[in-house]
Amino acid sequence: MIRWLVIIVNLFAYDICWTLTMFGAGRSWWWVAIGVTGLSVAGQLAISPVWRKEAAIILGGALVGVATDAIGMRLGMFSYRAGSGVQFWIVFFALWANFGTVLRPSLFWMWNRPLLAALLGAAGGPLAYWIGSRIGAIDLGDSAAASLVWFSAQYAILTPAWMFAARRVIGERAGRDLRS
């Protein structure tokens with residue numbers, strides 16, 4: 001029962017942080033991303049059995065994620081409504097770091113299932129950006145369909161790659177430790 005409670009709390013915290021960050025981004029309250037995601041990541045690492053390794057995975061994955069988002073933005077797949085480049089990097093780094101907080105506690109079981117991870121990414125990534133456009137944080141490109149295909153491919157590649165990195169760096173045994 002405790003195992004499921006940890007997973008539910010972890011996913012709930014992820015969802016709350018994502019929602020607050022996106023609503024903040026849609027209103028130029030970029031600092032919300034720092035506050036809520038900073039607290040979430042700090043809380044996650046404070047109770048992690050391998051906090052240094054998990055921090056490296058979260059931060060490294062967030063850097064890769066925000067860099068691919070920057071490429072997508074330059075290609076016209078979406079635009080950040082607040083307009084500021086610095087704010088974009090802060091908000092989208094926070095969104096990716098927030099996703100990193102679910103890798104060990106909630107998604108560790110998927111670390112050895114790259115196809116399933118790719119499918120999760122291919123479905124969840126575009127959904128997140130579509131919802132972000134409805135919230136008012138981003139605008140999808142001229143062709144919303146092309147933008148959603150971009151996000152689907154981006155997440156289908158990055159999600160299993162991030163899980164592979166987590167498995168290699170954190171390790172299977174620590175990944176199964178659900179103390180956080």
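Conventions used here
- Residues numbered from 1 in each chain as written.
- Predicted model: local features only at pLDDT ≥ 70, side-chain atom pairs only at ≥ 80, totals over all residues.
- Heavy atoms only, no water.
- Helix = DSSP H or I, 4+ residues; strand = E, 2+ residues; numbered from the N terminus.
- Polar contact = N/O pair within 3.5 Å; in protein donor to acceptor, adjacent residues only side chain to side chain.
- Contact = heavy atoms within 4.5 Å.
- Axes fitted to C-alpha atoms, helices over the stretch in contact; angles between N-to-C directions.
- Parallel < 35°, antiparallel > 145°, perpendicular 65-115°, else oblique.
- 1 Å grid on protein atoms, 1.4 Å probe; cavity = no way out; pocket = protein on both sides within 12 Å on 5 of 7 lines; lining within 4 Å.
- Points joined across faces, edges and corners; volume = space filled by probe spheres on them.
- Buried < 20%, exposed > 50% of the residue type's maximum accessible area, 1.4 Å probe, protein only.
- Core = buried A, V, L, I, M, F, W, Y, C linked by side-chain atoms within 4.5 Å.
- Left-handed = near helix turned anticlockwise from the far one by under 90°.
- Nonpolar A, V, L, I, M, F, W, Y, C, P; charged D, E, K, R; others polar.

(A) Focus on the side chain of Ser106. Assignment of secondary structure puts Ser106 in the loop between α4 (85-100) and α5 (114-135). One polar contact links Ser106 to Asn10, side chain to side chain, over a distance of 2.5 Å. With residues up to four places along the chain from it excluded, the contact list for Ser106 reads Ile7, Asn10 and Leu11.

(B) Inspection of the packing of helix α1 (residues 2-25) against α4 at higher detail. Packing of α1 against α4 brings their axes to within 10 Å, and their N-to-C directions diverge by 170°. Accordingly, the angle class assigned to the pair α1 and α4 is roughly antiparallel. Within the contact between the two elements, α1 uses Ala13, Tyr14, Cys17, Trp18, Thr21, Met22 and Ala25 and α4 uses Val91, Leu95, Asn98 and Phe99.

(C) Broad picture of the layout of surface pockets. The volume enclosed by the largest pocket comes to roughly 540 Å³. What lines the largest pocket is a set of 23 residues, and nearest its centre among them are Tyr14, Phe99, Gly124, Gly125 and Ala128. Secondary-structure elements contributing two or more residues to the lining of the largest pocket are α1, α4, α5 and α6 (144-170). Considering each element in turn, the lining of the largest pocket owes the most residues, 8 residues, to α5. One number sums up the size of the second largest pocket: a volume of about 200 Å³. Forming the walls of the second largest pocket are 13 residues, and the residues nearest its centre are Val9, Asn10, Ala13, Gln44 and Ile47. Counting residues per element, the ones that place at least two in the lining of the second largest pocket are α1 and α2 (31-46). A total of 6 residues in the lining of the second largest pocket trace back to one element, the largest contributor, which is α1.

(D) A look at the environment of Trp111. Secondary-structure assignment places Trp111 in the loop between α4 and α5. Relative accessible area serves as the criterion here: at 3%, Trp111 is assigned to the buried category. Trp111 sits 60 residues away from Gly171 along the chain, and the two C-alpha atoms are 9.9 Å apart.

(E) Geometry of the nonpolar core. In terms of nonpolar packing, the biggest core is built from 43 residues, with Phe92, Trp96 and Ile138 touching the most fellow members. The set of elements that each furnish at least two residues to this core consists of α1, α2, α3 (51-74), β1 (78-80), α4, α5, β2 (138-140) and α6. For this core, the leading source of residues is α4, giving 8 residues.

(F) Looking closely at unusual backbone geometry. Despite not being glycine, Ser28 shows a phi value in the positive range, around 60°. What makes Ser28 partly exposed here is its relative accessible area of 39%.

(G) Summary view of the packing of α3 against α4. In the contact formed by α3 and α4, the axes pass within 8 Å of each other and the chain directions differ by 130°. Considered as vectors, α3 and α4 are oriented oblique to each other. Note on packing geometry: the crossing formed by α3 with α4 is right-handed. Contacts between α3 and α4 pair Ile58, Leu59, Gly61, Ala62, Leu63, Gly65, Val66, Ala67, Thr68, Asp69, Ala70 and Met73 from the former with Phe88, Trp89, Phe92, Phe93, Trp96, Ala97 and Gly100 from the latter. Residue composition of the contact of α3 with α4, by class: 14 nonpolar, 4 polar and 1 charged.

(H) Local environment of the environment of Ala70. With respect to the helices and strands, Ala70 occurs in helix α3. For Ala70, a relative accessible area of 15% translates into the label buried. Once the C-alpha coordinates of Ala70 and Ala13 are considered, the two residues, 57 residues apart in sequence, prove to be 26 Å apart. Other than its neighbours up to four places away in sequence, Ala70 contacts Phe88 and Trp89.

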